[in-house]
Amino acid sequence: MNEVSTPPDWATVQVASCNLLNLALPGRVFYPNQEPYGASEHERKLDWLGGMFRRLNADVIGVQEVWDEAALKAAVARSGLRPPKVLVPGAESGAEGTPRVGLVTRLEVESVRSVADFAPGEAVEVPEIGLHTRFERPVLHAVLRTKRGQRLHVLVTHLKSKRPKFLQDAAGTELEDRDDPRVVARASLRSLILRGAESAALRGLVTDLIHRTRDPLVLLGDMNDGPQSVTSQLIAATQAVAYDRKARDVALFHAYDVQSEPALRRDLAYSHVFQGWPDLLDQIWVSEELVGSAKFAIGDVRRVEYFNDHLHEGRDRTRSDHGFVRALLRFKSPPLSLPLRQAEQPAAQQEP
């Protein structure tokens, strides 16, 4: 008698990444060369963000460029959605020096931490600056639980931009000629090294979380480079899978590339426009547990969508200068109890 296979009972989780473009309270100076938001301008920004959050209707939103946690809470409240948890480590009383990343979620939060320092041995020497030992914008790591109990790691990141890193003294006075092409190239090299160092350090964090485990991981963030760039691949190492199948255990996969509804790839995949050129800086990456074709899959990425129409509506800081990206994840329910590979057995069971 032939067995009848039962289709999986899917549980869904929507995740999104949103760069909010300097979200701060009115009257609060965030950069010395930029005017603080006035009351009316701040209200327009909250209204716009509230409307976007309502459109996204995501269970998990990783956000970047938040100066004040209170401003994010106010924007989320404008969405009219069921009150979620809003977490921005380092910006609870206002961030200093640089904006922070945060998390907005309707899921249960098991734990959350802010990772600022590189692990031992990961520091990198930057020309004319010195040893780079920490993320300029600390990474947020949260452990969440879906409604059906699936454990989910979420990393939210905002890597160093491509903006040239010019030398300054302690008072902020410029020490280099910004009009000299050679100086600009050198300053751009410093930015690349800074972003590369952060990418390598983030790679270490990713590996620690997914190596020899079956817990899925989602990385949300503004990578400040494209999915196939050297810095993005430092983090994801997806290309290594082509010649080393074992590399899947510690690789990340670009959600857009592994979505299971390719017919829905109707959106132009870009999230930022610089001098007329579109680029995909804002990305969602998943571990192999959410790649439907993987041996150890417990779910998949159903579809990925980009919300970028506002990028062509003119420059206005009450809107973001980045498009938002959203992915629909599906989990087989109840969570599968998958066998571990031999190399993944607990250390106590391995031969000495």
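Structure report, in brief. Values in this document were obtained by computation on a predicted structure and should not be read as measured data.

1. Examining the packing of helix α1 (residues 39-56) against helix α2 (residues 69-78)
At a closest axis distance of 7 Å, the pairing of α1 and α2 adopts a crossing angle of 55°. It follows that α1 is oblique to α2 by the angle criterion. Taken as a pair, α1 and α2 cross one another with a handedness that is right-handed. Contacts from His42, Glu43, Leu46, Asp47, Leu49, Gly50, Phe53 and Arg54 in α1 reach Ala71, Leu72, Ala74, Ala75, Val76 and Arg78 in α2.

2. Considerations on the sheet that holds strand β1 (residues 9-23)
Within the open sheet, the 6 strands sit side by side as β3-β4-β2-β1-β16-β15. Their pairing is mixed. Either end of the sheet is taken by a strand with one partner, and the two such strands are β3 (85-87) and β15 (299-307). For this sheet the average axis-to-axis angle between neighbouring strands, irrespective of direction, equals 15°. Each of β1, β2 (60-66), β15 and β16 (324-333) is contacted by α1, which is oriented at about 165° to β1, the strand it contacts most. Running at roughly 155° to β3, α2 makes contact with β1, β2, β3 and β4 (100-105) of the sheet.

3. Quick notes on the sheet that holds strand β14 (residues 282-287)
Pairing is mixed in the open sheet, where 6 strands are placed in the order β5-β8-β9-β10-β14-β11. The open sheet has two edge strands, β5 (108-117) and β11 (252-254), and neither has a second partner. When strand polarity is set aside, the average angle formed by the axes of neighbouring strands in this sheet is 20°. By the bridge criterion, 8 bridges tie β5 to strand β8 (residues 134-145) in an arrangement that is antiparallel. Note that in β8 the partner of Asp117 across the bridge is Arg134. Relative to β8, helix α3 (residues 181-210) is tilted by about 25°, and along the sheet it contacts β5, β8, β9 (151-158), β10 (217-222), β11 and β14.

4. What about the packing of aromatic side chains?
In total, this model carries 7 aromatic pairs according to the counting rule given. Where Phe118 meets Phe135, the ring centres are 5.1 Å apart and the plane angle is 80°; that geometry is what we call edge-to-face. On the criterion of sequence distance, the pair formed by Phe118 in the loop between β5 and β6 (124-126) and Phe135 in strand β8 is long-range, its members being 17 residues apart. Of the two residues, Phe118 and Phe135, both sit in the buried class. Chaining the aromatic ring pairs together yields one cluster made of Phe30, Tyr31, Tyr37 and Trp67. Directly above the aromatic system of Tyr37 lies the positively charged group of Arg317, at a separation of 4.5 Å from the ring centroid.

5. Side note on α1
With 18 residues, α1 extends 26 Å from end C-alpha to end C-alpha; this agrees with the ideal 26 Å at 1.5 Å per step. Turning to α1, its buried residues number three or more, namely Glu41, His42, Lys45, Leu46, Trp48, Leu49, Gly50, Gly51, Met52, Phe53 and Leu56. Each element contacted by the buried residues of α1 is listed here: β1, β2, α2, β15 and β16. Within two residues after α1, Asn57 carries a phi angle of roughly 45°, on the positive side.

6. Thoughts on α3
With 30 residues, α3 ought to run about 44 Å at 1.5 Å a step, and its terminal C-alpha atoms sit 43 Å apart, in line with that. For α3, the side-chain oxygen to backbone nitrogen distance between the N-cap and Arg182 is 2.9 Å, and the N-cap itself is Asp180. Directly beyond the C-terminal end of α3, a positive phi value near 60° is found at Arg212.

7. Observations regarding the environment of Asp68
If you trace the backbone, Asp68 turns up in the loop between β2 and α2. A sequence separation of 27 residues divides Asp68 from Ala95, and the C-alpha atoms of the two residues are 6.4 Å apart. Those residues in contact with Asp68 that sit more than four places away from it in its chain are Leu23, Ala24, Leu25, Arg28, Ala91 and Gly94.

8. Section: the nonpolar core
Counting 37 residues, the largest nonpolar core has Val15, Val60, Val218, Val286 and Leu329 as its most contacted members. Here this core takes 4 residues from β16, the largest share from any one element. Apart from the residues lying within four places of it in its own chain, the contact partners of Val286 are Leu217, Val218, Ala251, Leu252, Phe253, Val258, Val291, Val301 and Leu329. Ala24, Leu56, Ala58 and Ala91 belong to the second-largest nonpolar core, a separate cluster that totals 29 residues.

9. Remarks on the pairing of β15
Where burial is concerned, most of β15 is hidden: 7 out of the 9 residues are buried. With 8 bridges connecting them, β15 and β16 associate as antiparallel partners. Each residue of the ladder has a partner; that of Arg303, found in β16, is Leu328.

10. A look at the side chain of His158
Inspection of the secondary structure puts His158 in strand β9. Classification of His158 as buried rests on a relative accessible area of 4%. A distance of 3.1 Å separates the side chain of His158 from the side chain of Asp222, its partner in a polar contact. If we skip the residues at most four places from it in the chain, His158 touches Asn19, Gln64, Glu65, Val101, Arg137, Asp222 and Asn224.

11. With respect to the side chain of Ser320
As for its position among the elements, Ser320 is in the loop between β15 and β16. The buried category is assigned to Ser320, whose relative accessible area is 6%. Here His322 takes part through its backbone nitrogen, which lies 3.0 Å from a polar atom of the side chain of Ser320. Dropping the residues within four chain positions of it, Ser320 is found in contact with Asn19, Leu20, Leu21, Trp48, His310 and Leu311.

Definitions and cut-offs
- Residues numbered from 1 in each chain as written.
- Predicted model: local features only at pLDDT ≥ 70, side-chain atom pairs only at ≥ 80, totals over all residues.
- Heavy atoms only, no water.
- Axes fitted to C-alpha atoms, helices over the stretch in contact; angles between N-to-C directions.
- Helix = DSSP H or I, 4+ residues; strand = E, 2+ residues; numbered from the N terminus.
- Parallel < 35°, antiparallel > 145°, perpendicular 65-115°, else oblique.
- Left-handed = near helix turned anticlockwise from the far one by under 90°.
- Contact = heavy atoms within 4.5 Å.
- Pairing = 2+ DSSP bridges.
- Phe/Tyr/Trp six-rings, centres within 6.5 Å; stacked < 30°, edge-to-face > 60°.
- Buried < 20%, exposed > 50% of the residue type's maximum accessible area, 1.4 Å probe, protein only.
- Lys NZ or Arg CZ within 6 Å of the ring centre and 35° of its normal.
- Expected span 1.5 Å × (residues − 1).
- Polar contact = N/O pair within 3.5 Å; in protein donor to acceptor, adjacent residues only side chain to side chain.
- Core = buried A, V, L, I, M, F, W, Y, C linked by side-chain atoms within 4.5 Å.

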